[in-house]
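# Survey of secondary and tertiary structure
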Amino acid sequence: SACTFAAAAFEPGPSSEITASSGAYASANAAPSVGVSFSGLILGGAQGGDYTLSSSTISSVTAGKIDPKVLVATLVGTPEKTYDGTTVASLTTGNYQLTGVVGSDSVLLNDPTTGVYANAAVGQNKVVTVAGLALSGTAANNYTVKTTVTGNVGKIDPRPGVAGGTGGTSVNPWVARWLHLNQP
């Protein structure tokens, strides 16, 4: 990433610059204020020869900043239930996928067990929304994740014995027979 150096009596511009051949943070962990050091500093540009450096290294205990990496949580699989008139969705650990973790970092998603269907109607590929996502693990502070995830993964099956399968009233067998017998 880009680095800015400030030096007394030095005016960086289009014809002068300071570059470093290497740099390192004091820690690999995300933090708003991290030690950083650079070595192999050289003056460059058309006016670089007008200045001298007292050292080819520079360091600061607070000048560096490492932002937490954004992870992506997605819903997978098919949270499924039989129609019950509610929008409550039941989920398991298998309904979540977390991507973006670096190497063997220990980062876990809390995998909430309930979510919400967009509506209570019977159907497939229904929108399910889960709130309250959070990270844990020894490297969790190096990452962030959105606290809500939504996906078209839900399924609500018709309830057996229900007219139309959408939560209507049960059809009385005598009424069904009467309707059948009285059709033209």
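As a reminder, the structure under discussion sits directly above these lines.
Report follows, based on the coordinates. (Residues numbered from 1 in each chain as written. Predicted model: local features only at pLDDT ≥ 70, side-chain atom pairs only at ≥ 80, totals over all residues. Heavy atoms only, no water.)

As for its position among the elements, Lys 81 is in strand β7 (residues 80–82). Here the side chain of Lys 81 touches Thr 86 through a polar contact of 2.9 Å, landing on its backbone oxygen. Once you skip the residues sitting within four places of it in the chain, Lys 81 turns out to touch Thr 86, Thr 87, Val 88, Tyr 117, Lys 155, Ile 156 and Asp 157. (Helix = DSSP H or I, 4+ residues; strand = E, 2+ residues; numbered from the N terminus. Polar contact = N/O pair within 3.5 Å; in protein donor to acceptor, adjacent residues only side chain to side chain. Contact = heavy atoms within 4.5 Å.)

This part covers the pairing of strand β3 (residues 31–39). In this structure, strand β2 (residues 22–25) lies alongside β3, joined through four bridges in antiparallel fashion. Looking across to β3, one finds that Tyr 25 is bridged to Val 36. What sits between β2 and β3 in their antiparallel hairpin is a turn of five residues. In the sheet, β3 pairs with strand β5 (residues 57–66) via six bridges, with the strands oriented antiparallel. Across the sheet, the residue bridging to Val 34 is Gly 64, located in β5. (Pairing = 2+ DSSP bridges.)

Let's shift gears to the sheet that holds strand β9 (residues 96–99). Strand order in this open sheet of three strands is β9-β6-β14, and the pairing throughout is mixed. Since the sheet does not close on itself, it has two edges, and those belong to β9 and β14 (143–145), each with one partner. Pairs of neighbouring strands in the sheet enclose a mean axial angle of 30 degrees, with direction left out of account. Inspection of the sheet shows strand β6 (residues 69–75) paired to β14 by three bridges, in the parallel sense. (Axes fitted to C-alpha atoms, helices over the stretch in contact; angles between N-to-C directions.)

Let's shift gears to the sheet that holds β5. The strand order across the open sheet formed by three strands is β2-β3-β5, and the pairing between neighbours is antiparallel. Each edge of the sheet is formed by a strand with only one pairing partner; in this case those strands are β2 and β5. Averaged over all pairs of adjacent strands, the angle between strand axes in this sheet comes to 30 degrees, irrespective of strand direction.

Turning next to the nonpolar core. In this structure, Leu 75, Leu 91, Tyr 96, Leu 109, Val 128, Val 130 and Leu 133 are the most contacted members of the largest nonpolar core, which totals 16 residues. No other element matches strand β15 (residues 148–157), which puts three residues into this core. The residues touching Leu 109, leaving out its near neighbours within four places in the chain, are Ala 73, Tyr 96, Leu 98, Leu 133, Ala 134, Leu 135 and Val 145. (Core = buried A, V, L, I, M, F, W, Y, C linked by side-chain atoms within 4.5 Å. Buried < 20%, exposed > 50% of the residue type's maximum accessible area, 1.4 Å probe, protein only.)

Below, the discussion takes up unusual backbone geometry. Negative phi is the rule for most residues except glycine; trans is the rule for most peptide bonds. Positioned with a positive phi, Asp 111 is a non-glycine residue whose angle comes to about 50 degrees. Summarising the element assignment, Asp 111 is placed in the loop between β10 (108–109) and β11 (114–117). What makes Asp 111 buried here is its relative accessible area of 16%.

The subject of this paragraph is the pattern of salt bridges. Tallied over the entire structure, the rule returns four salt bridges. When the shortest N-O distance is used, the salt bridge between Lys 65 and Asp 67 registers 3.5 Å. In terms of burial, Lys 65 and Asp 67 fall into one category: exposed. By sharing partners, the salt bridges in this structure join Glu 80, Lys 155 and Asp 157 into a single network. (Salt bridge = Lys/Arg side-chain N within 4 Å of Asp/Glu carboxyl O.)

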